[in-house]
Amino acid sequence: MGRFGDIVILTGAGISAESGLGTFRDRDGLWTKYDLNEVATPEGFARNPDLVHEFYNARRANCAAAAPNAAHEALARLEAGYQGKVLIVTQNVDDLHERAGSRHVWHMHGQLNRALCAACGHRWDAPDRMRPRDPCPACGTTATRPDVVWFGEMPYLMEAIHQRLQTAGLFVAIGTSGNVYPAADFVRNAAACGAETLEINLEPSAVISDFDTARHGKATDIVPAWVGEILKTT
Ligand code: NAD
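A few points on the structure.

1. Some remarks on the site of the ligand
With respect to spatial proximity, 27 residues lie near the ligand, and among them R25, Q91, D94, T176 and S177 are the closest. At 2.8 Å from a nitrogen atom of the ligand is found a side-chain nitrogen or oxygen belonging to E18. Within the backbone of A219, a nitrogen or oxygen atom sits 2.9 Å from a nitrogen atom of the ligand. Residue contributions to the shell around the ligand peak at 4 residues, all from helix α1 (residues 13–17). Residue classes in the shell around the ligand are distributed as 8 nonpolar, 13 polar and 6 charged. Counting only domains with at least three residues in the shell around the ligand, you end up with domain 1 (1–20 + 68–109 + 154–234) and domain 2 (22–65 + 112–148).

2. Overview of the side chain of S102
Looking at the element boundaries, S102 is found in the loop between α7 (96–100) and β3 (105–107). Residue classification places S102 among the buried residues on the basis of a relative accessible area of 5%. Setting aside residues up to four positions removed in sequence, S102 forms contacts with L75, A76, E79, I88 and H97.

Reading the values: the criteria
Residues numbered from 1 in each chain as written. Predicted model: local features only at pLDDT ≥ 70, side-chain atom pairs only at ≥ 80, totals over all residues. Heavy atoms only, no water. Near = heavy atom within 4 Å. Polar contact = N/O pair within 3.5 Å; in protein donor to acceptor, adjacent residues only side chain to side chain. Helix = DSSP H or I, 4+ residues; strand = E, 2+ residues; numbered from the N terminus. Nonpolar A, V, L, I, M, F, W, Y, C, P; charged D, E, K, R; others polar. Domains from an automatic or database assignment. Buried < 20%, exposed > 50% of the residue type's maximum accessible area, 1.4 Å probe, protein only. Contact = heavy atoms within 4.5 Å.

Here it is, written out as structure tokens:
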């Protein structure tokens, strides 16, 4: 078993920023051109499904054109080389962790490359361009939506995530602002069960005081260096 026991890593938009996928706060990012209430809520989808599909179709195209960066690649090396379980719980809807080679990735906010039938709950691989009138391959209803968790909806896999936080020896948050709950609470949940905690982010997050230690700077600098240290000492 590695020195830290099992490791749970929470990632956010910051880990994909250097791959060219904007975070919420990027000045020129896609997010600034759209109103979050219109494109990332069930109410917005009910009002204007075409606009919501346009937004996610653009994000899917951006994601397909992007490549994993050194931080995603380092986490894949960690999983392959560490003598213990490494789980990535990501708030990101991109697939850059998987494309870097990580195998245990849980998408708590869903995935851009999956479609969900709002009528029957069936899921399937998303086409490049999704439209509200696309029929569900299982039930035929035209209630197709991106398989992403919107504001006001329950994130996926919460019970399983909490179980893994309880048994983690080390919890690391990378590239997440600590403003979006319940993910922002994971550090407290893990620490309460005895895990060491580390924040890696460009700047101190909103929940910095809950972490034992922090390293601030670009994910592509800090994550490979940190992974190198872990793999050398375990
Ligand atoms: P956020 O935008 O609120 O915060 C991103 C954090 O990353 C910030 O604190 C910022 O300082 C930090 N950051 C920016 N560039 C960085 C870099 N190069 N290295 C290290 N850190 C860097 O993102 P969040 O906390 O993930 O917010 C959660 C919500 O954002 C989720 O609902 C998620 O679905 C959504 N989101 C996802 C993507 C994606 O899938 N790639 C992109 C934008 C937003």
